[in-house]
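Residue-level listing of the chains:
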Number of protein chains: 2
Amino acid sequence: MPAALDPKEKQAIVGRLFEMFRDHGYEGATLADLSKATSLGKSSLYHHFPRGKEQMAEAVLGQGKNFVKSAINDVAHSSESLKSRIRKIVDAFDVIYGGGQNYCLLGRLSCDGIGDDARGTLREVVELWIDAITHLARDSGMPQVRARQYGEDWFTRVQGAIIMHAATGNAGPYKRTMAALARLAKEPSA
Amino acid sequence: MPAALDPKEKQAIVGRLFEMFRDHGYEGATLADLSKATSLGKSSLYHHFPRGKEQMAEAVLGQGKNFVKSAINDVAHSSESLKSRIRKIVDAFDVIYGGGQNYCLLGRLSCDGIGDDARGTLREVVELWIDAITHLARDSGMPQVRARQYGEDWFTRVQGAIIMHAATGNAGPYKRTMAALARLAKEPSA
DNA sequence: GTCTATAAAAAGATAGAC
DNA sequence: GTCTATCTTTTTATAGAC
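Residues numbered from 1 in each chain as written. Chains lettered and ligands numbered in written order. Predicted model: local features only at pLDDT ≥ 70, side-chain atom pairs only at ≥ 80, totals over all residues. Heavy atoms only, no water.

> Mind laying out the interface of chain A and chain B, listing which residues take part and the relevant values?
Counting residues at the interface gives 29 residues for chain A and 29 residues for chain B. When chain A packs against chain B, the two sides together hide about 2700 Å² of surface, and 58% of this comes from carbon and sulfur. Between chain A and chain B we count eight salt bridges in total. Ionic pairing is found between B:R176 and A:E152, a salt bridge with its closest N-O pair at 2.8 Å. Of all elements in the fold, only α1 (7-28), α6 (105-110), α7 (116-139), α8 (144-168) and α9 (172-183) of chain A reach the threshold of two or more residues within the side of chain A that touches chain B. (Contact = heavy atoms within 4.5 Å. Buried area = accessible area lost by both parts, 1.4 Å probe. Salt bridge = Lys/Arg side-chain N within 4 Å of Asp/Glu carboxyl O. Helix = DSSP H or I, 4+ residues; strand = E, 2+ residues; numbered from the N terminus.)

Set out below in structure tokens:
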């Protein structure tokens, strides 16, 4: 059990690692970068993550999973009105993506050489995300198969929109993607 | 003029570099990797690309630009029927993306630390791509503003579909994205 | 134009003191 | 739990022979 410091502190450290992996990718984030970002020496990082970067990526994806579970999936399955759930979810995405200007940790790491455990968690996060949107689409009146496709395609559009912004600075696709989700609450079926 | 070998050979070398940058990203592709992939010693690579990886990435993106220009943009603006143009373009994407199983060089490098010249070329390639799809949408009967959005959003979906496949192995979004383009030829306006 | 050899820098990882 | 110091390996880059 190499963890024995305040969970709050640990979470804050993982949060800094999160930003580094998100912004620089797995290969692009060096130990020196991660050390500086956390204000911890390299040895301290190894104390908390004995298996090095690989374990740090796992922790970061675990935090991402917690976020998606609580701020996206749980909200989608809550008992609030469809409109209210969608608004909260769009807001959550806007926060984590800075209105479409940030990179996405999931998209970034999905093409990188992360370990098998991290990759498994990555898949779980994506599934939680898609399941949430599928549920919203279902509640808007779509039949199951179509709702599932909607969920997959909406995830797809978000990921692509992040790349679009990175490549050209154009945030239009991101905005339209969020607007499309909001329309689910207004149309009998989209 | 550090280039003085058969243009065909050079093109083949850049093609191998293309695959390495596409599959491993800019940071992830090491000189050792690139050397092995091209069957050229590191010194030989520096002979052809004196500024190292940065210049290699520029060459690779230049080749990508040529491809998008000739196999996508020129085709979109040709005098063939809309249906025929769309089929050729979908086929071209299927070849370069292996039916949605390959990574995309553009998406990959757009988040990496490439140099300013390479980034400029990257933007140009994306613009050629979007312009091509916009032109097809226009020809299908869409008004200009909507057609441009269609082009941007279609690029977005393709990029996202590549990430979806990388993250989960699901090629559905890629297939649906290609199918959506094909539908442009069948509907009076989509 | 390509190679072997080598240098210089950076990255990942560990030892051991405090 | 954190640090400084150190070590190993990898990566980038160059020199110089062929």
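So that's the structure; there's more coming.
> Account for the packing of helix α4 (residues 53-76) of chain A against helix α5 (residues 82-97) of chain A, naming residues and giving values.
Residues and elements named next belong to chain A. Put simply, α4 and α5 touch, their axes get as near as 8 Å, and they point 160° apart. With respect to α5, the element α4 is oriented roughly antiparallel. The handedness of the crossing between α4 and α5 is left-handed. Packed against α4, whose contacting residues are F67, A71, I72, V75 and A76, the element α5 presents R85, K88, I89, A92, F93 and I96 at the interface. The residue makeup of the contact of α4 with α5, split by class, is nine nonpolar, no polar and two charged. (Axes fitted to C-alpha atoms, helices over the stretch in contact; angles between N-to-C directions. Parallel < 35°, antiparallel > 145°, perpendicular 65-115°, else oblique. Left-handed = near helix turned anticlockwise from the far one by under 90°. Nonpolar A, V, L, I, M, F, W, Y, C, P; charged D, E, K, R; others polar.)

> So, the protein's contact with DNA strand C: which residues are in play, and what are the values?
Surveying the vicinity of DNA strand C reveals 16 residues, the closest of which are A:L31, A:S43, B:G41, B:S43 and B:H48. Here DNA strand C approaches the protein such that, of its atoms within 4 Å, sugar and phosphate make up 56%. In this structure, a phosphate oxygen belonging to DNA strand C sits 2.8 Å away from a side-chain N or O atom of A:Y46. Between DNA strand C and B:G41 there is a distance of 2.6 Å, counted from a phosphate oxygen to a backbone nitrogen or oxygen. (Near = heavy atom within 4 Å. Polar contact = N/O pair within 3.5 Å; in protein donor to acceptor, adjacent residues only side chain to side chain.)

> Break down the relation of the copies chain A and chain B for me, citing the residues and quoting the values.
Turning chain A through 180° and shifting it by 0.0 Å along the axis lays it on chain B, with an RMSD of 0.0 Å. On this basis, the relationship between the two copies can be described by a two-fold rotation axis. Proximity to the rotation axis, assessed at the C-alpha, singles out A:G160 in chain A; its C-alpha lies 1.9 Å from the axis. Comparing interface residues between copies, 100% of those in chain A also lie at the interface in chain B; the contact surface is shared. (Least-squares fit on C-alpha atoms with pLDDT ≥ 70 in both.)

> Give me helix α1 (residues 7-28) of chain B: which residues, what numbers.
Here α1(B) is 22 residues long, yet its end C-alpha atoms lie only 27 Å apart, well below the 32 Å a rise of 1.5 Å per residue gives. Those residues of α1(B) that fall on the buried side of the exposure criterion are B:K10, B:I13, B:V14, B:G15, B:L17, B:F18, B:M20, B:F21, B:R22, B:G25, B:Y26 and B:G28. Buried residues belonging to α1(B) abut α1 of chain A together with α2 (31-38), α3 (42-48), α4 (53-76), α5 (82-97) and α6 (105-110) of chain B. (Expected span 1.5 Å × (residues − 1). Buried < 20%, exposed > 50% of the residue type's maximum accessible area, 1.4 Å probe, protein only.)

> I'd love a proper account of the nonpolar core, names of residues and values included.
In this structure, B:F21, B:F93, B:W129, B:L136, B:Y150, B:W154 and B:L181 are the most contacted members of the largest nonpolar core, which totals 60 residues. Looking at this core, the element that brings in the most residues is helix α7 (residues 116-139) of chain B, giving eleven residues. Residues within four places of B:F21 in sequence aside, it is in contact with B:Y26, B:A29, B:L34, B:K53, B:M56, B:A57, B:V60, B:L105, B:R108 and B:L109. Grouped together as the second largest cluster of nonpolar side chains are 59 residues, A:L82, A:F93, A:L136 and A:Y150 included. (Core = buried A, V, L, I, M, F, W, Y, C linked by side-chain atoms within 4.5 Å.)

> So what's going on with the side chain of B:S84? Residues and values would help.
Here B:S84 lies in helix α5. Here the side chain of B:S84 touches B:E80 through a polar contact of 2.7 Å, side chain to side chain.

> Describe in detail the pattern of salt bridges, supporting the description with residues and values.
For the coordinates displayed, the defined rule picks out 24 salt bridges over all chains. A:K65 is the partner of A:E124 in a salt bridge, and the nearest nitrogen-oxygen pair spans 2.5 Å. Placement of the pair is A:E124 in helix α7 and A:K65 in helix α4, with a sequence separation of 59 residues. When the shortest N-O distance is used, the salt bridge between A:D74 and A:K69 registers 3.7 Å. Its relative accessible area of 38% is what places A:K69 among the partly exposed residues. Each of A:E127, A:R148, A:E152, A:D153, B:R157 and B:R176 takes part in salt bridges that share partners, so that together they form one network.

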